[in-house]
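Per-entry structural report
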Amino acid sequence: MDYKDKILQLKKDKNALILAHFYQIPEIQDIADFVGDSLGLAQKAAEAKSDIIVFAGVHFMAETAKMLNPNIPVLLPDLEAGCSLADSCPLDKFREFKKKYPDHIVISYINTTAAIKTETDIVCTSGNAVQIVESFPKDQKIIFAPDKNLGGYINRITGRNMVLWDGTCEVHDILSTEAIFKLKEENTDAKLIAHPECNAAVLEIADYIGSTTNMLKFTQSDKSKKFIVATETGILHQMQKNSPDKQFLVVPSDETCSCNDCPYMKLNTMEKLYFCLKNEKPAITLDADIIEKAKLPIEKMLDISKIMKLI
Ligand code: 13P
Ligand code: SF4
């Protein structure tokens, strides 16, 4: 069945806004009102005036949208669409960890549950992490959670010594330098662009490191014609669309498979999106007291990002 026209009709009838992350399948990206990274999507959700938000992304993103705009129903086509980073940081363990560093503030990557955000001073995304960290004095003691790759990257480029929670993204962490070197040998004219969730060895050899939006912008402005892309494959759709004359190569995860599709992002399908909009479920539900506490560090992040003109 062709769901495209049906979804577009329902979207119009119900005055719904479809927000999609760059890692969604191309068909979903093409029917969305806005496609972006976590930062851009959070901002769009906060500003939404529609009657419904359909979030084609993962759970923490839809949860963030709900906190920023609690009066609008926020639908997620598949509630199982989680995130290995968010899962790596359970509330009870994180509270124990925090107790060991009583004089530290907490900066959390947006890839966390609402519960972790209630334990956070300020949230960041890959699009503003360096600037958020640098908005604190050099001697400020900081816990950074949950991505040790992103946190380690920020420590290296800012000369800080943030305490890192030991979490990783299962998709980015396994991208290997061996596979990249092989691709580089075969494509000596290609530039390597990487998401900061990649491991330190990959980041060390990257020509450019940035959020999905920033990687996309880089491929448009840089004069190279070929890019090795170290992130989830969904972003290639926009890269190719925006730069049809350029070539984009995916980094295989290992010798045998190209498994850098995020299994959670890819749970969303056109069929699930259609039924979710038709039945107006599944919807994100959150207790009012959680929303009240957890939205504060997200709003702080959005305010700083606006002042710094990052959004
Ligand atoms: P971006 O905010 O850069 O799009 O990253 C989100 C994410 O989940 C990356 O794995
Ligand atoms: Fe989470 Fe990694 Fe998937 Fe991003 S790519 S949603 S960090 S599991």
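Let me sum up the structure you'll find in this document. (Residues numbered from 1 in each chain as written. Chains lettered and ligands numbered in written order. Predicted model: local features only at pLDDT ≥ 70, side-chain atom pairs only at ≥ 80, totals over all residues. Heavy atoms only, no water.)

Focus: the pairing of strand S9 (residues 191–194)
By the bridge criterion, 4 bridges tie S9 to strand S11 (residues 226–230) in an arrangement that is parallel. Residue Ala194 lies in a different strand from S11, and its bridge partner there is Ala230. In this sheet, strand S10 (residues 208–209) lies alongside S9 in parallel orientation, the contact comprising 2 bridges. Residue pairing for S10: Ile193 is matched across the bridge by Tyr208. Considered for its hand, the β-α-β crossover made up of S9, helix H11 (residues 200–205) and S10 is right-handed. (Pairing = 2+ DSSP bridges. Helix = DSSP H or I, 4+ residues; strand = E, 2+ residues; numbered from the N terminus. Right-handed = clockwise from strand over helix to strand, strands pointing away.)

Examining the sheet that holds strand S3 (residues 52–56)
Taken in spatial order, the 4 strands of this open sheet run S2-S1-S3-S4, and their pairing is parallel. Taken across any chain shown, the strands that pair with only one partner, and hence form the sheet edges, are strand S2 (34–36) and strand S4 (74–75). Here S3 pairs with S4 via 2 bridges, running parallel. In the sheet register, Ile53 faces S4, and the bridge partner there is Val74.

A word on the packing of aromatic side chains
Counted according to the given criterion, the structure contains 9 aromatic pairs. Measuring from centroid to centroid gives 6.2 Å for Phe218 and Phe227, while their planes differ by 75°, and the two rings are edge-to-face. Across the pair, exposure class does not vary: Phe218 and Phe227 are buried alike. Consider the rings of Phe227 and Phe248, whose centres lie 5.7 Å apart with planes at 15°: the pair is stacked. Placement of Phe227 in strand S11 and of Phe248 in strand S12 (residues 247–250) is noted, with a sequence separation of 21 residues between them. For Phe227, a relative accessible area of 0% corresponds to the buried category. With a relative accessible area of 9%, Phe248 lands in the buried category. One aromatic cluster is present, formed by Phe94, Phe97, Tyr101 and Trp165 through successive ring pairs. (Phe/Tyr/Trp six-rings, centres within 6.5 Å; stacked < 30°, edge-to-face > 60°. Buried < 20%, exposed > 50% of the residue type's maximum accessible area, 1.4 Å probe, protein only.)

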